[in-house]
Amino acid sequence: MSEQSWTVGARIDEIEQTVDQFKKQDPFNKSWDDIKSLTGLDTNFKRRSSRMSKNYTYTNDGPTVDPSQQYMTSALAVASGIEDAKSKEINPGTVFRNGYGMFDVITPPWNLYELANYYDTSFANHAAIDAKVENIVGLGYDFEVSKRTMMKLESTENPDAVERARKRIERLRVEMRDWLENLNDEESFTHTLTKFFTDVQATGNGYLEIGRTTKGKIGYIGHIPATTIRARRLRDGYVQIIGNKVVYFRNLGAKNKNPITTDPRPNEIIHYKEYSPLNTFYGVPDIMSAITSLHGDQLASQYNIDYFGNKGVPRYVVTLKGAQLSADAEDKMFRFLQNNLKGQNHRTLYIPLPGDSDNSKVEFKMEPVENGVQEASFEQYRKQNRDDILIAHQVPLSKIGGGDSSAIAAALAQDRTFKEQVSRPAQNNLAKMINKIIKEETDILEFKFNELTLTDEIAQSQILERYVKNQIMVPNEAREILGLPQRPDGDEPFEMNSRQAADARANTARNRERDTDRSNNQSDSTSTISGRNPQGEGSSSN
């Protein structure tokens with residue numbers, strides 16, 4: 001019996017090569033032939049860059065030409081402190097030169113367009129970022145008297161002078177708020193900070209643009225999208241490219257010459273970044289620590305979309321035994337299974353097969369590769385991915401509208417932790433940055449963000465009442481917390497009469513047992529609550 005050889009044909013669909021769309025969006029990822037056509041470039045810069053693109057050489061220690069110390073000082077490229085104390089940290093830009101090109105800017109550690117896309121496409125990341133933004137910068141702001149000014153007021157013995165000073169401070173509060181809100185015609189200062197801090201949380205970097213008048217005063221504050229800005233290698237400024245235009249920005253308060261464009265008075269930038277020990281030029285967002293969970297959630301979501309887009313029909317292996325399909329029939333069946341099921345509720349495939357013979361029997365089988373309902377298996381996986389993303393942002397589930405009503409006590413504890421560990425530190429850092437702007441106008445007031453309130457108005461009023469009665473605060477300090485204007489007689493400690501003092505001591509010592517028992521035994525109805533404090537708050541003082 002002769003041996004027979006069989007040829008088994010198999011066919012699979014071709015996987016399309018994905019294109020990195022985010023890399024193509026990067027306006028800095030271009031050749032010099034494309035860059036030199038941008039508008040606004042200085043002629044000398046073009047000539048210097050053309051020569052550099054052909055003849056620039058490198059040594060083991062870095063570029064052959066280093067900037068002068070005078071230029072580095074004028075550009076505020078070196079961090080400094082009081083008097084002549086300054087940082088001795090090595091500037092990475094003086095050691096290596098990045099290939100980002102002729103603008104001498106540094107490549108971000110992650111693609112900024114891709115990071116920004118995560119904010120738009122991941123529901124958990126979007127909700128966590130919005131929660132942080134609203135609780136850190138979205139609650140508004142106020143101005144408080146600086147500690148130096150407060151010390152001067154307390155050391156002044158002339159009450160008339162103190163009263164006049166307080167009135168000037170109240171007027172200055174109104175004037176500073178008007179000034180800050182008028183620095184941008186299109187949006188409020190809080191809205192500008194909201195967009196700025198959204199960039200910080202989404203990409204790790206946020207940029208505030210500062211424009212000055214011809215007299216050198218700050219006249220404009222606005223937000224610049226973080227995806228369009230790159231930091232200079234020498235830390236002497238920033239470069240923005242949109243379309244065919246390029247703009248150079250100085251550091252805040254710098255006086256260095258514009259090294260790139262023809263603008264003689266470039267605007268300034270405040271760069272705020274989420275610190276990463278792996279990069280000193282750019283920040284890295286919190287979501288990067290949970291990037292695998294974000295990708296996994298996106299893939300699980302896409303799988304479900306594909307599953308239902310295919311009308312729940314699983315993937316199949318098709319086998320034919322005892323016959324052979326024509327090339328046209330094979331192609332039609334393949335296209336039907338691959339494409340024609342999508343978007344169609346009912347489709348029919350007709351395949352003519354030859355009849356059975358004495359020597360062979362025709363068998364046609366379609367066996368699914370997977371069995372059962374697959375989409376439900378991702379429920380726990382997606383929930384875990386969501387929790388991982390929220391943990392990376394340090395945002396409790398209650399802040400994004402999740403959880404049930406039975407966990408109110410746990411939600412309050414989580415809110416307190418969120419305020420102490422996330423909101424308040426971020427507000428302090430941002431306030432210090434903004435106070436650099438405020439100090440150019442006045443050193444009497446300081447910018448301060450409104451904090452997340454964990455107590456209701458009744459509890460807050462009781463706290464302030466106790467502080468004032470026990471002379472921990474003067475009335476004007478309590479009024480300042482409430483946002484109320486100062487009173488002429490509010491700088492003196494509150495003096496209680498003998499009855500009020502006795503009641504306060506008794507309530508503090510909790511030794512009014514008879515009053516307490518009577519209050520506990522009575523209901524809090526309208527007929528019994530008048531003339532006394534609510535249950536558990538002691539005796540009323542008139």
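Predicted model, so just to flag it, every value in this text is computed and none were measured. Numbering of residues starts from 1 in every chain and runs along the sequence as written. Owing to the predicted nature of the model, reporting of local features is limited to residues with pLDDT of at least 70; listing and counting of side-chain atom pairs is limited to 80 or more, with chain, interface and lining totals taken over all residues. Only hydrogens and water are set aside when side-chain values are computed; all heavy atoms of the structure are taken into account.

Draft legend 1. Expanded view of the overall build of the chain. The secondary structure listing takes helices from DSSP runs of H or I that are at least 4 residues long and strands from runs of E that are at least 2 residues long, numbered from the N terminus. For the chain, the count of helices and strands is 18 helices and twelve strands. Working definition: with a 1.4 Å probe on protein chains only, accessible area under 20% of the residue-type maximum means buried, over 50% means exposed, and in between means partly exposed. Of all 542 residues assigned to the chain, the portion counted as buried reaches 36%. Restricting the contact set of the chain to residue pairs at least 6 apart, pairs at least 24 apart contribute 67%. Surface exposure here means Shrake-Rupley accessible area, sampled with a 1.4 Å probe, where a residue is shielded only by the protein chains that are shown. Entry remark: accessible area of the chain is about 34,000 Å², with carbon and sulfur atoms responsible for 49%. Working rule for contacts: check all heavy atoms of both residues, and any pair within 4.5 Å makes them a contact.

Draft legend 2. View of the pattern of salt bridges. A side-chain nitrogen of Lys or Arg and a carboxyl oxygen of Asp or Glu constitute a salt bridge if their distance falls within 4 Å. One pass over the full model with this rule turns up 14 salt bridges. The shortest N-O distance in the salt bridge between D104 and R233 comes to 2.7 Å. One end of the pair, D104, is in the loop between α4 (69–74) and α5 (112–121); the other, R233, is in the loop between β6 (229–231) and β7 (238–242), with 129 residues separating them in the sequence. Look at D104 and you get buried, because its relative accessible area is 8%.

Draft legend 3. Region of the structure containing the sheet that holds strand β8 (residues 245–251). For two strands to count as paired, DSSP must find a minimum of two bridges between them. Sheet architecture is open: six strands sit in the order β5-β4-β9-β8-β7-β6, paired in mixed fashion. The sheet is open, and its two edges are formed by β5 (218–224) and β6, each paired on a single side. Within the sheet, the average angular offset between the axes of one strand and its neighbour, ignoring direction, is 35°. The axes are straight lines fitted to the C-alpha atoms, using for helices just the contacting stretch, and the angles between their N-to-C directions are given from 0 to 180°.

Draft legend 4. Here's a closer look at the pairing of strand β9 (residues 268–273). By the criterion of burial, β9 is predominantly enclosed, with five of the six residues buried. Where strand β4 (residues 205–212) and β9 come together, six bridges link them in antiparallel fashion. Looking at β9, one finds that E209 is bridged to I269. Bridge analysis of β8 against β9 gives two bridges, and the strand direction is parallel. What sits directly across from N251, in β9, is I269.

Draft legend 5. Quick peek at a positive patch on the surface. Every patch collects residues that have over 30% relative accessible area and no salt bridge, joining them within 9 Å if they carry like charges and within 5 Å if they are nonpolar side chains (Val, Leu, Ile, Met, Phe, Trp, Tyr). Only four residue types enter the charge count: Lys and Arg as positive, Asp and Glu as negative, with His and the chain ends excluded. In this description, the location of a charge corresponds to atom NZ of lysine, CZ of arginine, CG of aspartate or CD of glutamate. Among the surface-exposed residues, R148, K152, K432, K436 and K439 lie close enough to one another that they form a single positively charged patch. When contributions to the positive patch are tallied by element, the ones reaching two or more residues are α7 (147–155) and α13 (408–438). Mapping K432 onto the fold places it in helix α13.

Draft legend 6. Structural context of the packing of helix α6 (residues 123–136) against helix α9 (residues 189–203). Running from N to C, α6 and α9 point in directions that differ by 140°, and their axes come no closer than 9 Å. As judged from the angle between their axes, α6 and α9 are oblique. Considering the relative orientation of α6 and α9, their crossing is right-handed. The residues of α9 that touch α6, namely those facing I129, K132, V133, E134 and I136, are T194, F197, T198, Q201 and A202. Following the grouping adopted for this structure description, the nonpolar residues are Ala, Val, Leu, Ile, Met, Phe, Trp, Tyr, Cys and Pro, the charged ones are Asp, Glu, Lys and Arg, and the polar ones are all others, Gly among them. The residue inventory of the contact of α6 with α9, partitioned by class, reads five nonpolar, three polar and two charged. Here roughly perpendicular refers to angles of 65 to 115 degrees, roughly parallel to angles under 35, roughly antiparallel to angles over 145, and oblique to all remaining angles. Left-handed describes a crossing whose near helix is turned anticlockwise from the far helix by less than a right angle; the clockwise case is right-handed.

Draft legend 7. View of the nonpolar core. In this description, a nonpolar core means a group of buried Ala, Val, Leu, Ile, Met, Phe, Trp, Tyr and Cys residues linked to one another through side-chain atoms lying within 4.5 Å. Ranked by internal contacts, the top residues of the largest apolar core, which has 46 residues, are L180, L193, F196, F197, I221, L430 and F447. Counting residues per element, this core draws most heavily on α13, which supplies nine residues.

Draft legend 8. View of unusual backbone geometry. Backbone geometry places R235, a non-glycine residue, at a positive phi of 60°. Here R235 shows up in the loop between β6 and β7. In this structure, Q394 is a non-glycine residue whose phi angle is positive, near 60°.

Draft legend 9. Spatial organisation of the pairing of β5. Burial runs high along β5: five of the seven residues are buried. Pairing analysis gives six bridges linking β4 to β5, with the strands arranged antiparallel. Its bridge partner lying in β5, E209 is registered against G222. Taking the residues that link successive antiparallel strands as the turn, the β4-β5 hairpin has five residues, and the phi of G216 there is positive, at about 90°.

Draft legend 10. Inspection of the side chain of T198 at higher detail. Its location among the elements puts T198 in helix α9. T198 gets classed as buried once you look at its relative accessible area, which sits at 14%. Sequence-distant contacts of T198, that is, excluding residues within four places in its chain, are made with Y119, I129 and V133.

Draft legend 11. Just helix α8 (residues 159–181), in detail. Helix length check: α8, at 23 residues, gives a terminal C-alpha distance of 33 Å against a target of 33 Å (1.5 Å per residue), a fit within 8%. One side-chain oxygen of the residue at the start of α8 lies 3.0 Å from the amide nitrogen of D160, identifying that residue as N158. What a helix is expected to span follows from its residue count: subtract one and scale by 1.5 Å. Contacts described as polar in this section are N or O atom pairs within 3.5 Å, which, within protein, must combine one atom able to donate a hydrogen with one able to accept it, while residues neighboring in sequence count only if both atoms come from side chains.

Draft legend 12. Seen up close, a nonpolar patch on the surface. A contiguous nonpolar surface patch, about 260 Å² in accessible area, is contributed by I463, Y467 and I472. Looking at where I463 falls in the secondary structure, it is placed in helix α14 (residues 457–469). Residue I463 is classed as partly exposed on the basis of its relative accessible area, which comes to 33%.

Draft legend 13. Region of interest: the packing of α5 against α9. Contact pair α5 / α9: the axes reach a minimum separation of 8 Å and the direction vectors enclose 105°. It follows that α5 is roughly perpendicular to α9 by the angle criterion. Counted together, L112, L115, A116 and Y119 of α5 and T198, A202 and T203 of α9 form the full contact between these two elements. Taken together, the residues of the contact of α5 with α9 sort by class into five nonpolar, two polar and no charged.

Draft legend 14. Representation of the packing of aromatic side chains in the model. Only Phe, Tyr and Trp rings take part, Trp by its six-membered ring, and two of them pair if their centres are within 6.5 Å. Stacked means planes under 30 degrees apart, edge-to-face means over 60, and tilted covers everything else. Within the structure shown, the criterion is met by eight aromatic pairs. Between the aromatic rings of F143 and F447, the centroid separation amounts to 6.1 Å while the plane-to-plane angle is 85°, which identifies the pairing as edge-to-face. Taken together, the positions of F143 in strand β3 (residues 141–145) and F447 in strand β12 (residues 445–449) put the pair 304 residues apart, joining distant regions of the chain. Owing to a relative accessible area of 2%, F143 belongs among the buried residues under this scheme. With centroids separated by 6.0 Å and ring planes inclined at 80°, the aromatic side chains of F189 and F447 adopt a geometry described as edge-to-face. In this pair, F189 sits in helix α9 while F447 sits in strand β12, placing the two residues 258 residues apart along the sequence.

From the geometry alone we can't say anything about function, so treat these as descriptive.
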